[in-house]
Amino acid sequence: MEELLQIALVGTSRAAALPPAEHPAERLAASDSPERLLLLRAGARSLYARAGRKPVAGIAPPEPAGEETRPAAGPRFELALRTAFAEKQHELLIEFLREFEAFGLNLPHALLPTALNAADAELRAAILPVLGERGLWLARFRPEWNWVSLGTGTLSEEERRTLIATRWEEGNIADRTAVLVRLRGHDPAEARTLLEEIFKSEKADHRVRLLETFVHGLSPADEPFLEAALDDRSENVRSTAADLLVRLPDSGLAARMRTRAEGMFAPERRGARLFLHCTPPTELPKDWARDGIHAKIPKQTAKRATWPSAVHQAVPLAHWNAFFSATAEELVEAAREETFAIDIVRGWSNAAINFAPLELNTAEWLGALWDYWERHAAPDHISTQAAGQKFLHLFPPEELERRVIAGLRDAFYRGKTLDFQLLSAAPRPWGELLSREYLDVIRRVLARGEDVNASYQWLQTLHTAAGRLHPALLAEALEGWPEEHLQGRHWAWKAVEDFRRNVSVRLNFYRELEP
């Protein structure tokens, strides 16, 4: 083969002649063109070599998959799932997979490779419980499927050594980040030691990505390393370290932030009512900058206005209830007339997100904060959607649905503007009450048919609703549409037809689950 390769490199016109045929297969190649004959001979020699290769012996077969404890879903589900995977209908897939888990079913075996290739984090979380023993076994054979072992929380000693010797020592930043995530779930101290050894030699954006892995298994043992990172030359690294340290309520940084936040406030009592006056510093102190508070601010933004938000988002909300002996509603109202009210409430809103898993009174604060953003329009046009929606997912499901229903009714009956993103924020599937309320309102909107723009905005919600209506109302959702008002309005008719088609897919799935 080497001789043929050399002739191909220099050209047949420069070669005296082709070498004699080495194998019988080459003698079958014939052509008047030297170039074609060279290619035929090379192909025949390659095929002859592969066909005559002896199988490698002595390779131990892999251990078989463990015995399944749950049956796989039948083939009647396969087409719907395969289509949903192909069309990246993640919400639909997540719903179906969670139903499989509830009914004690695993994924059909033919779909395991497709499921293991999923990249979406929420979808992976829904896939993991329904992979079954065969899926867990199969995931061991491709490195891009190692998210399965991460999700199960298992890491053998051999896997640990392999991770460090290959992906950590030789991998790129994505590989090393993945290694730290896995090790943080298994042995946070070892992960921290690995990072300490190389941290200062990494680029700034790499240091940020690697440091972000500390959110997994974060504990007081990480404080010395994170405190040292506050002296990093990169502002983004300092901010990342500060964001992690404030999650440790007993850390030095958390205490410093509480002191700064308290120092900004001057409370005043007028009778039974509390007023809060806020006085941020005129210049950013150096020790504030070290703790991740940015000195540089966006253009057209008053620099003092950014600092109350940056400080207050680092303080758990429950601290203020105890510090001022006041409820969340009283505190939000007390800040309402302050010059920096928006910045204070924005900081509290971010704190609701940052400390939600640690706070027992989050629901009380969420209601007060949401009411503020909804009732008091900000002069810089901060909308409910931009400011309040960030923490909508933290509401208890019943409370969030109550607010969504109120928004639907206000929009239809009182002409108020509906933040349609509320519908996406409501937990899926929607409750029966919200589902019924939505169907009633959307049908009335289409039957009214007066305001084309308003109808169009409502029709845009149909896609969301098709994937979120309560299963008990799916059959009902296919009927009762004002057909006479859809005639001649192609865009409205098409939106409703797409809605019906998507609802039918879900309805058929649930019918197949019925015993």
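First, a word on scope: everything that follows refers to the structure included in this document.

Quick notes on the rules
Residues numbered from 1 in each chain as written. Predicted model: local features only at pLDDT ≥ 70, side-chain atom pairs only at ≥ 80, totals over all residues. Heavy atoms only, no water. Helix = DSSP H or I, 4+ residues; strand = E, 2+ residues; numbered from the N terminus. Buried < 20%, exposed > 50% of the residue type's maximum accessible area, 1.4 Å probe, protein only. Contact = heavy atoms within 4.5 Å. Areas by Shrake-Rupley, 256 points an atom, 1.4 Å probe, with all protein chains shown as cover. Core = buried A, V, L, I, M, F, W, Y, C linked by side-chain atoms within 4.5 Å. Polar contact = N/O pair within 3.5 Å; in protein donor to acceptor, adjacent residues only side chain to side chain. Phe/Tyr/Trp six-rings, centres within 6.5 Å; stacked < 30°, edge-to-face > 60°. Lys NZ or Arg CZ within 6 Å of the ring centre and 35° of its normal. Axes fitted to C-alpha atoms, helices over the stretch in contact; angles between N-to-C directions. Parallel < 35°, antiparallel > 145°, perpendicular 65-115°, else oblique. Left-handed = near helix turned anticlockwise from the far one by under 90°.

Side note on the overall build of the chain
Part 1 of the reasoning: Of regular secondary structure, the chain possesses 31 helices and two strands.
Part 2 of the reasoning: The buried share of the chain, taken over its 515 residues, is 43%.
Part 3 of the reasoning: Sequence separation of 24 or more characterises 67% of the internal contacts of the chain that already satisfy a separation of 6 or more.
Part 4 of the reasoning: If you sum the accessible surface of the chain, you get close to 27,600 Å²; carbon and sulfur atoms cover 54% of it.

Details of the nonpolar core
Part 1 of the reasoning: Counting 135 residues, the largest nonpolar core has F100, L107, I127, W348, Y438 and F499 as its most contacted members.
Part 2 of the reasoning: Per-element accounting of this core gives the leading share, nine residues, to helix α31 (residues 490-513).

Looking at helix α15 (residues 235-245)
Part 1 of the reasoning: In terms of burial, α15 is largely enclosed, as eight of its eleven residues are buried.
Part 2 of the reasoning: When α15 is considered as a whole, its buried residues turn out to be V237, R238, S239, T240, A241, A242, L244 and L245.
Part 3 of the reasoning: Those residues of α15 hidden inside the fold are in contact with α13 (204-212), α14 (223-229), α16 (252-264) and α17 (286-290).
Part 4 of the reasoning: Capping of α15 at its N-terminal end is provided by S234; its side-chain oxygen lies 3.3 Å from the backbone amide nitrogen of N236.

Regarding the packing of aromatic side chains
Part 1 of the reasoning: Following the criterion strictly, the structure yields 19 aromatic pairs and no others.
Part 2 of the reasoning: Put simply, the rings of F265, W320, F323, F324, W348 and W365 pair up and form one aromatic cluster.
Part 3 of the reasoning: Positioned above the aromatic ring of F214, the side-chain terminus of R184 is 4.2 Å from the ring centre.
Part 4 of the reasoning: One cation-aromatic arrangement involves R443 over W481; the distance from NZ or CZ to the ring centre is 5.2 Å.

Notes on the packing of helix α10 (residues 157-170) against helix α11 (residues 173-186)
In a packed pair of helices, the relevant descriptors are the angle between the two axes and the axis-to-axis distance.
Part 1 of the reasoning: For the pair α10 and α11, the least separation of the axes is 9 Å and the interaxial angle reads 155°. Taken together, the axes of α10 and α11 lie roughly antiparallel to each other. With respect to the hand of their crossing, α10 and α11 are arranged in left-handed fashion. Between α10 and α11, the contacting residues are E159, R160, L163, I164, R167 and W168 on the first element and D175, R176, A178, V179, L180, R182 and L183 on the second.

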